[in-house]
Amino acid sequence: MVAIIKKEFLTYFKSMTGYVFMASLLFFVGLFFVTNNLLILNPQYSGVLSSSTFVFLLIVPVLTMRLMAEETRQKTDQLLLTSPVSLGRIVMGKYLGAVSVFLITLAITFIYPLILSTMGTIFWGEIIGGYIGFFLLGSALIAVGLFVSSLTDNQVIAAVATFTVLLVLWLMDAIIGSLPADQTSGLIFALILVAAIAFVFYSATRNLFVSGGVLLIGILAVAAGFIIKPSLYNGFIGRVFGWLALHSHYQDFAMGIFSLTPIVYYITFSTVFLYLTVRMLEKKRWS
Amino acid sequence: MIQVDNLTKKYGQHLALDSVNFTVGEGEILGFLGPNGAGKSTTMNILTGYISATDGHALINGIDILEQPEEAKKMIGYLPESPPLYGDMTVDEYLDFVSDIKRVTGTDRKKNRERIMDLVRIGDVRGRLIKNLSKGYKQRVGLAQALIGNPKVLIMDEPTVGLDPKQIIEIRNLIKDLGKDHTVILSSHILPEVSAVCERVIIINKGRIVASDTPENLSRGLGDSSKLNLRIAGEENLILKAIQEIDGINNLESLGVREPGTIDLIVEADPDVDIRRPLFHAMSKASCPILMMKSLDMTLEDIFLQVTTQEEEVR
């Protein structure tokens, strides 16, 4: 795994990719530092990071588009997949390789709060909390990008698709606001969800019996929930999609609140997408 | 060393491999022969764990590639059809990376790498970016990659593609040497290569094994007559008449005049009869000197065509 991390990290700096990523992130964080702190003499640094989160939309695809797509296109995945390294380690190695580039860039921006600290009193706890949140958010988005990259063998398609997905995630709060929140639509949505899960089961196992059972149990559970506590379905759609609203979970960090929930949330989110990437590679071998 | 049972692979509805069975002994060099799309690469990809079989098992040294992939993969060096190279690495960096992921550790790691670079002669390009290398060098770097870690089993998909004739001979000799202490499977659609290198040949067509034997046995077993190509000086009618009087001649075909004053002939006889001596005496008696006599044994090409087209007719 270490070998793959090393290889990914070094590959970023053999082409423009790593430099473009670092330069863009450093430029925007620096820009917001100048406008939010230096020019108006403001000691609040966490605002700089939360303003910079939109940059992820542009630079995460740059970082992740190559990861799996290029291996498939160049057929170098044959080397990786026939080596005595498990799929999980391959995916993890690639992920950590990309994350390490991000982490190093982030470490460089730590100069800004240090500059601020020479000019007055600043709240280190808040700044470090903000950095942890910024790092976790970026890492979660990198996991999404890695997954999208495993779906195609074309870097450009991977980049555009990743950008689209990240944009949807970014706008998720606005999307949720416009979704219906009444009980009936919540119930219907829950049933659709159950059907979708049963279908995924079926396409994975090709076993009509098991997936039928899943469907039946799911429907019964949804119905039982509706009979026992109908209010469960108030705003159900919003709550489900809320799980995907990555950026709203960042609010705590932006306000200087350091709580465990968003940390666990981001780590879980990354893990799910890394797992999906492994599944995707596994599936390619069977098709 | 390698055991394959009922290997079947389906791509959707398309049956790429149909219940393939074979075994390869330790230190054996096995050649896979077949037209494009016959299932050679598919078999190799399954053996190396790159793709999974729809049905059946592949055992490497008794270890199932699906059940204990990491253990099995440790024993395999694989050179796929297109060598899996990272263009923006130098040869040194690349082989270092391969050593890392193949978990080659210890003190002889560097020595091992130097030995392999000597073996495939890529020492002079070690510092260059792989993307700038010629096709021949790329192929050899790919071969070096397969040799890293000194795996017991070497699987090579068309190892000499893209090489010039001199390099082809070098690589063939190298593969022969490797066969002394490795089990080697290689595929090719170049027949002389297979007969030059391999101890045993498996001909596969449309996902099925249609023949499996040594190259010699294959050419002997399938020929139903022995043919001679002759060039004899003298008058055509006289020669034809004299030959027809010899016992055991099945067929006589005149190819016409290629050299003034001579005729070219193809003579077919029963496989167990050697007609060369009677032929000589007959011609000597007729005072028509034989200028050329060449045996037309079935080449692997003929066998290959025969086997793969016979298959078609049966269906």
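Keep in mind that what you see is a predicted model, and the values were worked out from it rather than measured. (Residues numbered from 1 in each chain as written. Chains lettered and ligands numbered in written order. Predicted model: local features only at pLDDT ≥ 70, side-chain atom pairs only at ≥ 80, totals over all residues. Heavy atoms only, no water.)

Caption draft 1: Representation of the overall build of chain A in the model. Per the secondary structure count, chain A includes 15 helices and zero strands. Counting only C-alpha atoms and orienting by the principal axes, one finds that chain A spans roughly 65 × 50 × 30 Å. Burial statistics for chain A: of 287 residues in total, 46% are counted as buried. In chain A, the share of contacts with a sequence separation of at least 24, taken over all contacts with a separation of at least 6, comes to 76%. For chain A, the accessible surface area stands at approximately 13500 Å², while carbon and sulfur atoms represent 76% of it. Across chain A, the mean location of the 15 positive side-chain charges is 10 Å away from that of the 10 negative side-chain charges. (Helix = DSSP H or I, 4+ residues; strand = E, 2+ residues; numbered from the N terminus. Buried < 20%, exposed > 50% of the residue type's maximum accessible area, 1.4 Å probe, protein only. Contact = heavy atoms within 4.5 Å. Areas by Shrake-Rupley, 256 points an atom, 1.4 Å probe, with all protein chains shown as cover. Lys, Arg positive; Asp, Glu negative; His and termini not counted. Charge placed at Lys NZ, Arg CZ, Asp CG, Glu CD.)

Caption draft 2: Representation of the environment of A:Asn154. Counting through the fold element by element, A:Asn154 comes out in the loop between helix H8 (124-149) and helix H9 (155-170). Note: C-alpha distance between A:Asn154 and A:Val194 (40 residues apart in sequence) is 33 Å.

Caption draft 3: Geometry of the sheet that holds strand E2 (residues 14-24) of chain B. Residues and elements named next belong to chain B. The strand order across the open sheet built from four strands is E2-E1-E4-E5, with neighbouring strands paired in antiparallel fashion. Sheet topology places E2 and strand E5 (63-64) at the edges, where each strand pairs with a single neighbour. Pairing of strand E1 (residues 2-11) with strand E4 (residues 55-60), which is carried by five bridges, proceeds in the antiparallel orientation. Looking at E4, one finds that Val4 is bridged to Ala58. (Pairing = 2+ DSSP bridges.)

Caption draft 4: Focus on the sheet that holds strand E12 (residues 249-256) of chain B. Residues and elements named next belong to chain B. Ordered in space as E12-E13-E11-E14, the four strands form an open sheet in which the pairing is antiparallel. Among the strands making up the open sheet, the edge pair consists of E12 and strand E14 (290-295). Ignoring which end each strand starts from, the neighbouring axes of this sheet average 20° apart. In the sheet, strand E11 (residues 226-233) pairs with strand E13 (residues 262-269) via eight bridges, with the strands oriented antiparallel. Residue Ala233 lies in a different strand from E13, and its bridge partner there is Thr262. Along the sheet, helix H9 (residues 236-244) contacts E11, E12 and E13; its crossing angle with E13, the most-contacted strand, is approximately 15°. Those strands touched by helix H10 (residues 276-285) are E11 and E14, and its axis lies near 165° from that of E14. (Axes fitted to C-alpha atoms, helices over the stretch in contact; angles between N-to-C directions.)

Caption draft 5: View of the domain arrangement of chain A. For chain A, the assigned domains are domain 1 (2-176 + 244-286) and domain 2 (182-234). Relative placement of domain 1 of chain A and domain 2 of chain A: their C-alpha centres are 34 Å apart. (Domains from an automatic or database assignment.)

Caption draft 6: Summary view of the interface of chain B and chain A. The interface of chain B with chain A comprises 31 residues on the first partner and 22 residues on the second. For the chain B and chain A pair, buried surface summed over both sides reaches about 2600 Å², with 58% attributable to carbon and sulfur atoms. Of all residues in chain B, B:Tyr50, B:Tyr86 and B:Ile101 bury the most surface against chain A, accounting for 26% of the area lost on that side. For the pair chain B and chain A, the number of links is two salt bridges. In this structure, B:Glu93 engages A:Lys14 in a salt bridge whose closest nitrogen and oxygen atoms are separated by 2.7 Å. Linking chain B to chain A there are 11 residue pairs in polar contact (both at pLDDT 80 or more). Mapped by element, the contributors of at least two residues to the side of chain B that touches chain A are E1, helix H2 (69-73) and helix H3 (91-101) of chain B. (Buried area = accessible area lost by both parts, 1.4 Å probe. Salt bridge = Lys/Arg side-chain N within 4 Å of Asp/Glu carboxyl O. Polar contact = N/O pair within 3.5 Å; in protein donor to acceptor, adjacent residues only side chain to side chain.)

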